[in-house]
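Breakdown of the fold
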Amino acid sequence: MDIKLTINEEEKRFSIEPGEILLDSLRDAGYTSVKEGCKTGDCGACMVLVDGKAMTSCTMFTAQARGNDIKTVKGLNDELAEKLKQSFLDMGAVQCGFCIPGMLISAYSLLSSNPDPTKREIKAALDGNICRCTGYVKQIQAIKRAAEKWEKQENV
Amino acid sequence: MSEQKKRFDVVNKNLQKVDGEALVNGKKVFTDDLHRQTDLVAKILSSPIAHGEITNIDTSKAENIPGVELILHHRNVPRVPYTTAGQGYPEPSPYDAYMFDRKVRYVGDRVAAVAGRSWDAVEKGLEAIEVEFNELEPILDPKESRKSSVTIHDEESSTGIYDPQKNIAAHVDINIGNPEEIINKSDIVVKQKCSTQFAQHAPLEPHISVAQLDPQDRLIIHTSTQVPFHVRRIVSKILDIPIRQIRVIKPRVGGAFGVKQEVLLEDIVSLIALRTKKSVKVRYTREEEFRSSRTRHPIEVEVTLGADRNGKLQAITMEALSNTGAYGTHALTVLSNVGSKTLPLYNKAPNIHFFGDAVYTNLPISGAYRGYGAPQGYFPLEVAIDKLAEETGMDPLEIRKLNHIREGETSPIFEKLGEGREGIVQYIHSCKLNKCIDLGAKEIGWKNRKQVKKSQKNEDKARGFGVTINMQGSGIPLVDLAAARLKLNEDGSFNLYVGATDLGTGSDTVLGQIAAEQLGVDLDKIVVYSSDTDFTPFDSGAYASSTTYVSGNAVKKAAGKVKSKILTMAAEYYDLRVEDLSIHEGQIVSSNQTFELSEIALLSTSSKLETDQQQIEASASEVPEESPPPFSAHFVELEVDTRTGEIKILKYVAAVDCGTAINPNLAEGQMEGAIVNGIGYALTEQMEFNDSGTMINPSFFDYKIPNAEDIPEIEVILVESSEPTGPMGAKSVGEIGINGAIPAISNAVRDATGITLTEAPFTPEKVWKKLKEKSS
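Keep in mind that what you see is a predicted model, and the values were worked out from it rather than measured.

A look at the overall build of chain A
Looking only at helices and strands, chain A has five helices and five strands in total. Along chain A, from the amino end to the carboxyl end, the secondary structure elements read β-β-α-β-β-β-α-α-α-α. Against the compact-globule benchmark of 15 Å for 156 residues, chain A has a radius of gyration of 15 Å, which places it among compact chains. Taken along its principal axes, the extent of the C-alpha atoms in chain A is 45 × 35 × 20 Å. Per-residue burial over chain A gives 56% buried out of 156 residues. Considering only contacts in chain A between residues 6 or more positions apart, those separated by 24 or more positions represent 61%.

Written as structure tokens, this is what we have:
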């Protein structure tokens with residue numbers, strides 16, 4: 001079956017099998033920032049933005065994504081995304097980096113709708129992203145700091 | 001802190017990871033990103049039974065499935081005994097594994113592998129293989145293993161097993177002084193038995209390996225490993241191909257924690273690539289990772305302390321029964337570390353007996369896991385120390401200060417007990433453990449803890465505070481080898497080639513910082529290339545908390561050699577005395593002149609020098625003669641819900657002496673990650689099995705590792721310290737952080753409720769039962 005999806009603001013044609021999941025379609029098409037850690041919707045490494053909402057692409061059929069605006073971490077390059085990425089790097093929030101694209105998707109989704117989240121809200125937003133390296137401490141700090149910088153800039 | 005910061009220009013600074021930019025942008029850096037499309041893919045058929053002989057295997061139907069290209073099983077592969085442990089040669093683990101064997105020894109063991117042109121074809125192929133087993137009685141209880149009439153490794157070809165008939169993979173017994181006799185005469189005796197569970201590493205990236213042949217028919221393996229050089233040697237051995245025909249490349253690794261110190265998939269992809277001449281990939285699913293990779297050794301340890309009435313330790317005995325599962329990979333060394341990484345901490349006890357066995361069972365294979373036996377040993381030891389404090393009426397901090405090792409001191413354990421062999425005599429040059437205890441106590445509010453407990457209003461919640469201290473090591477002395485090579489480029493930058501393996505820990509960055517510091521340049525002048533057996537020099541690999549200390553020293557040496565070659569060339573060219581020259585911030589400095597390093601760099605390969613042109617470069621090897629321990633004190637404040645048995649950690653503080661933190665952010669990150677890993681190990685993580693030995697919770701949904709909402713407030717304190725034998729004063733910090741959670745939580749729960757938790761994980765059910773027992 002041939003379908004068209006909008007990924008990172010580009011229309012792309014996919015030839016898919018029935019039952020094919022979005023994670024596989026994306027990775028096969030070269031969107032390898034979307035990582036596979038469990039394929040059961042538990043780890044969040046495969047998260048993408050679907051119409052601005054963070055979703056695990058391993059629990060979504062590719063065909064379901066028709067008509068949605070799909071974004072991967074590579075497609076996030078506005079100011080907010082850059083602030084988040086730089087903050088993660090500055091704070092030492094990246095170790096192996098395998099969970100990071102998914103975590104940035106969650107963080108971006110959070111800050112897009114809630115520019116000044118509490119620590120508790122940040123933790124809740126990251127709840128679907130497992131990280132085995134960092135213990136989450138620096139990621140929570142990095143998101144808080146990115147939010148502070150983002151808010152300051154928005155207010156200017 | 002300020003004084004130390006001034007001493008360094010590049011080291012002890014929070015510089016951005018050299019691979020960070022690529023990682024946050026999700027670039028193609030992991031094995032599957034680089035090799036999404038391969039000619040073939042392959043999967044492993046694993047054993048559905050815990051113990052049995054394969055009496056027949058019929059692959060004819062599977063071979064006829066369109067797309068299936070090759071099936072491997074015990075009848076068509078070499079039968080070479082080896083160990084999957086990626087340890088230095090000769091490995092201290094028994095050679096008791098075979099690529100595919102006639103026997104299966106746990107649910108998840110290898111039976112066959114199918115390679116085909118699509119995942120679909122391969123899965124159909126797996127289903128079509130017909131296997132007949134002669135089922136044997138499995139041993140599922142390590143306590144039964146030694147006396148069982150069943151023998152798990154009855155094959156004659158295996159070597160290095162301590163006592164195959166009794167299912168004992170490894171045995172340790174060291175005795176110093178007269179511990180049993182002294183304990184009998186001691187004023188105070190404390191006995192404590194504790195046990196730990198099967199727990200898994202769960203790196204976010206499961207195991208994956210890709211193999212292909214290059215145009216010269218050399219075998220190229222891309223693999224997510226901690227030990228590229230051991231992979232090359234072990235694949236060469238199993239498949240009987242020369243080492244020169246193999247190149248192993250480690251791309252970025254998505255977490256490892258010890259589970260990738262094993263050669264799990266590389267032999268299979270290699271043989272498929274050699275036989276089909278096609279590129280091939282094997283990757284574990286999460287479920288396969290749970291069932292068939294490696295676990296932490298469950299160990300039951302009994303500690304007996306003998307002390308005088310003032311709390312001074314006189315003798316310690318420690319007996320361990322370790323469950324190595326179906327194969328003996330890391331059996332001896334993990335067992336050794338239960339004692340060797342714990343007992344030297346309390347060197348005031350002159351009489352020590354450490355003994356135990358690692359036994360086979362028909363359960364998943366235990367292997368290397370961050371901490372490597374130390375967490376299992378610290379559990380009873382630190383609970384016992386708290387009980388000793390109670391007996392003497394001393395504060396738990398004071399009893400520890402009275403008995404722990406200090407700078408200038410040694411322990412006979414260092415010499416008697418190494419990793420699977422005798423150790424080395426070693427004195428402690430850096431130990432700021434008292435400061436760790438003091439700073440940690442301040443941060444948790446140790447002094448006020450009794451008031452805090454009293455002020456607790458909700459009577460269903462019992463508040464408690466717990467402490468534990470611990471140490472680890474920095475590499476394996478006289479065993480590890482690390483090498484580094486540096487070459488100067490014409491613009492004054494350097495290529496740094498290290499065999500050392502960055503697993504996400506940040507070691508490429510740390511080693512780059514060490515090189516930059518030694519050379520007098522910024523980190524961005526160092527181009528780090530690591531873990532490629534064709535291009536980088538040998539390194540044992542990333543395990544045993546070795547990289548910062550051992551590989552760091554190799555880098556420092558190589559950088560020192562290169563620097564002296566640069567200065568020699570500069571002195572000759574500018575007609576200066578080499579003794580007057582140094583390099584600072586990328587400039588060659590003499591008493592009254594400065595030159596850009598890039599000038600000499602360009603000159604070195606310029607025809608201006610005619611026959612004196614040269615590639616300025618150097619390499620260096622490092623074999624550590626000591627293993628300086630990092631030290632740490634952990635503190636926990638928690639609440640126990642006395643109605644449900646649920647433990648809620650409110651605050652976790654760990655102060656650590658890891659020498660100079662080369663990159664403080666990354667050092668803290670190692671601690672924080674290990675602490676949360678340890679909290680999971682203490683509270684929720686457990687592989688569970690049914691009566692036939694099948695793991696029943698092989699998913700992140702059922703095997704609960706902590707996520708962001710589960711973590712308490714965590715405070716890591718890097719205590720200022722400098723290790724004279726370490727690069728720029730550094731020790732290692734990769735493992736130590738996992739040693740504290742179990743005993744600190746157990747001690748805090750006793751402080752809160754009076755019950756002693758002795759079996760990890762501390763699930764609400766176990767806590768509730770103990771609370772019931774106590775109240776009835």
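More follows now that the structure is in view.
Looking at the overall build of chain B
If you tally the helices and strands in chain B, you get 22 helices and 28 strands. Over its C-alpha atoms chain B spans a radius of gyration of 27 Å, differing by no more than 12% from the 28 Å that the globule rule assigns to 776 residues. Here the C-alpha coordinates of chain B stretch approximately 90 × 75 × 50 Å along the principal axes. By the burial criterion, 61% of the 776 residues in chain B qualify as buried. For chain B, the share of sequence-separated contacts (at least 6 apart) that also reach a separation of at least 24 residues comes to 80%.

Looking at the domain arrangement of chain A
Residues and elements named next belong to chain A. The domain boundaries assigned to chain A delineate domain 1 (2-73) and domain 2 (76-155). Once you take the C-alpha centre of each, domain 1 and domain 2 turn out to be 21 Å apart. Each side of the interface is counted separately: domain 1 has 16 residues, and domain 2 has 13 residues. Of all the elements in the fold, those that place two or more residues in the side of domain 1 that touches domain 2 are strand S3 (47-50) and strand S4 (53-56). Top contributing element to the side of domain 1 that touches domain 2 by residue count: S3, with three residues. Residue composition of the side of domain 1 that touches domain 2, by class: nine nonpolar, four polar and three charged.

With respect to the interface of chain A and chain B
Contact with chain A, which involves 42 residues of that partner, is made by 44 residues of chain B. Mapped onto the side of chain A that touches chain B, the elements with two or more residues apiece are helix H1 (22-28), helix H2 (79-90), helix H3 (100-113), helix H4 (119-125) and helix H5 (137-155) of chain A.

Some words on the pairing of strand S2 (residues 52-58) of chain B
The two faces of a sheet get side chains in turn, since along a regular strand they alternate between them. Residue and element names in this part refer to chain B. Where S2 and strand S4 (residues 103-104) come together, two bridges link them in antiparallel fashion. For Glu53, the partnering residue across the bridge sits in S4 and is Lys103. Pairing analysis gives six bridges linking S2 to strand S6 (residues 130-135), with the strands arranged antiparallel. Each bridged residue has a counterpart across the sheet, and for Ile54 the counterpart in S6 is Phe133.

Regarding the pairing of strand S19 (residues 482-488) of chain B
Here S19 of chain B lies mainly inside the structure; six of its seven residues are buried. Once S19 of chain B ends, the chain turns through five residues before running back antiparallel as strand S20 (residues 494-498) of chain B, passing Gly492 of chain B with a positive phi of about 85 degrees.

Section: the sheet that holds S4 of chain B
Spatially, the three strands line up as an open sheet ordered S4-S2-S6 (chain B), and their pairing is antiparallel. At either margin of the open sheet sits one strand with a lone partner, and together these are S4 and S6 of chain B.

Some remarks on the environment of Ser540 of chain B
Residues and elements named next belong to chain B. Locating Ser540 in the fold gives a position in the loop between strand S21 (526-530) and helix H18 (547-574). For Ser540, a count of 29 C-beta atoms within 10 Å translates into the label buried. Sequence separation between Ser540 and Gly499 is 41 residues; the distance between their C-alpha atoms is 7.8 Å.

Section: the domain arrangement of chain B
Residue and element names in this part refer to chain B. Considered domain by domain, chain B is made up of domain 1 (2-28 + 481-622), domain 2 (35-136 + 207-283) and domain 3 (295-476 + 626-775). Measuring from the centre of the C-alpha atoms in domain 1 to the corresponding centre in domain 3 gives 37 Å. Per-element tally for the side of domain 1 that touches domain 3: the top contributor is H18, with seven residues. Partitioned by chemical class, the residues of the side of domain 1 that touches domain 3 number nine nonpolar, 13 polar and two charged.

Here we look at the sheet that holds strand S27 (residues 647-657) of chain B
All names here are of chain B. Spatial ordering of the open sheet is given by S18-S26-S27-S28, a layout of four strands whose pairing is mixed. Edge positions in the open sheet fall to strand S18 (461-471) and strand S28 (713-718), since each of these has one partner strand only. The sheet shows a mean angle of 10 degrees between the axes of neighbouring strands, direction not considered. Where S27 and S28 come together, six bridges link them in parallel fashion. Looking at the pairing, Ala655 lines up with Ile717 of S28.

A closer look at the packing of helix H13 (residues 396-403) of chain B against helix H15 (residues 433-444) of chain B
Residue and element names in this part refer to chain B. Running from N to C, H13 and H15 cross one another at 170 degrees; their axes reach a closest spacing of 10 Å. Judged on the interaxial angle alone, H15 and H13 are roughly antiparallel. Here Leu397, Arg400 and Lys401 of H13 lie close against H15, whose contacting residues are Asn434, Ile437 and Ala441. When grouped by side-chain class, the residues that make up the contact of H13 with H15 number three nonpolar, one polar and two charged.

Section: helix H11 (residues 331-340) of chain B
Residues and elements named next belong to chain B. Of all the 10 residues making up H11, 10 are buried; the element is thus mostly covered by neighbouring parts of the structure. What H11 keeps buried is the set Ala331, Leu332, Thr333, Val334, Leu335, Ser336, Asn337, Val338, Gly339 and Ser340. Tucked into the core, H11 has its buried residues touching strand S7 (168-176), strand S14 (299-307), strand S15 (313-325), strand S16 (351-360), helix H12 (374-392) and helix H14 (412-416).

Description of the environment of Ala516 of chain B
Residues and elements named next belong to chain B. In this structure, Ala516 sits in helix H17 (residues 507-519). For Ala516, a count of 24 C-beta atoms within 10 Å corresponds to the buried category. Expressed as a C-alpha distance, the spacing of Ala516 and Lys556, which sit 40 residues apart in the sequence, is 9.1 Å. Dropping the residues within four chain positions of it, Ala516 is found in contact with Val10, Val521, Asp522, Leu523, Lys525 and Ile526.

What about the packing of H12 of chain B against helix H21 (residues 741-753) of chain B?
Residues and elements named next belong to chain B. Running from N to C, H12 and H21 point in directions that differ by 30 degrees, and their axes come no closer than 8 Å. Of the possible angle classes, the one that applies to H12 and H21 is roughly parallel. In terms of crossing hand, the pair formed by H12 and H21 is right-handed. Note on element contacts: H21 touches H12 through Ile742, Pro743, Ser746, Asn747 and Arg750, opposite Pro375, Tyr378, Phe379, Glu382, Val383 and Asp386. For the contact of H12 with H21, the class distribution of residues is six nonpolar, two polar and three charged.

With respect to the environment of Ala482 of chain B
Residue and element names in this part refer to chain B. Mapped onto the elements, Ala482 comes out in strand S19. For the pair Ala482 and Asp141, spaced 341 residues apart in sequence, the C-alpha to C-alpha distance is 40 Å. With near-sequence residues (within four places) excluded, Ala482 lies in contact with Gly499, Ala500, Asp539, Ser540, Val550, Ser551, Ala554 and Glu622.

Details of H17 of chain B
All names here are of chain B. Taking 1.5 Å of rise per residue, 13 residues should cover 18 Å, and H17 covers 18 Å from first to last C-alpha, within 8% of that figure. Counting buried residues along H17, 13 of its 13 residues qualify, which places the element largely inside the surrounding structure. Just past H17, the residue Gly520 takes up positive phi, approximately 80 degrees.

Parameters and conventions
Think of each chain on its own: its residues are numbered from 1, step by step along the sequence as written. Think of it this way: whatever chain is written first is A, whatever ligand is written first is 1, and the rest follow in order. A pLDDT threshold of at least 70 governs which residues receive local features in this predicted model, and a stricter bar of 80 or more applies before side-chain atom pairs are shown or counted, although totals over entire chains, interfaces and linings include all residues. Segments assigned H or I by DSSP are reported as helices when at least four residues long, segments assigned E as strands when at least two residues long, and all are numbered from the N terminus. Values of the radius of gyration come from C-alpha atoms, whereas the globule rule sets the reference at 2.2 Å times the count of residues to the power 0.38. A residue is called partly exposed when the number of other C-beta atoms within 10 Å of its own lies between 12 and 20, exposed at 12 or fewer, and buried at 20 or more, with C-beta atoms placed from the backbone. Once C-beta atoms have been placed from the backbone, residue pairs whose C-beta atoms lie within 7 Å are recorded as contacts. Residue ranges for the domains trace back to a domain assignment, done automatically or taken from a database. Gly falls in the polar group here, along with every residue not listed as nonpolar (Ala, Val, Leu, Ile, Met, Phe, Trp, Tyr, Cys, Pro) or charged (Asp, Glu, Lys, Arg). Two strands pair under a simple rule: DSSP has to find at least two bridges between them. The angle between two axes is taken between their N-to-C directions and runs from 0 to 180 degrees, where each axis is a line fitted to C-alpha atoms and a helix contributes only its stretch in contact. Angle categories: roughly parallel below 35 degrees, roughly antiparallel above 145, roughly perpendicular from 65 to 115, and oblique for all the rest. In this scheme the handedness of a crossing depends on how the near helix is turned from the far one: anticlockwise by less than a right angle means left-handed, clockwise means right-handed. A helix is expected to reach a length of 1.5 Å times the quantity of its residues less one.

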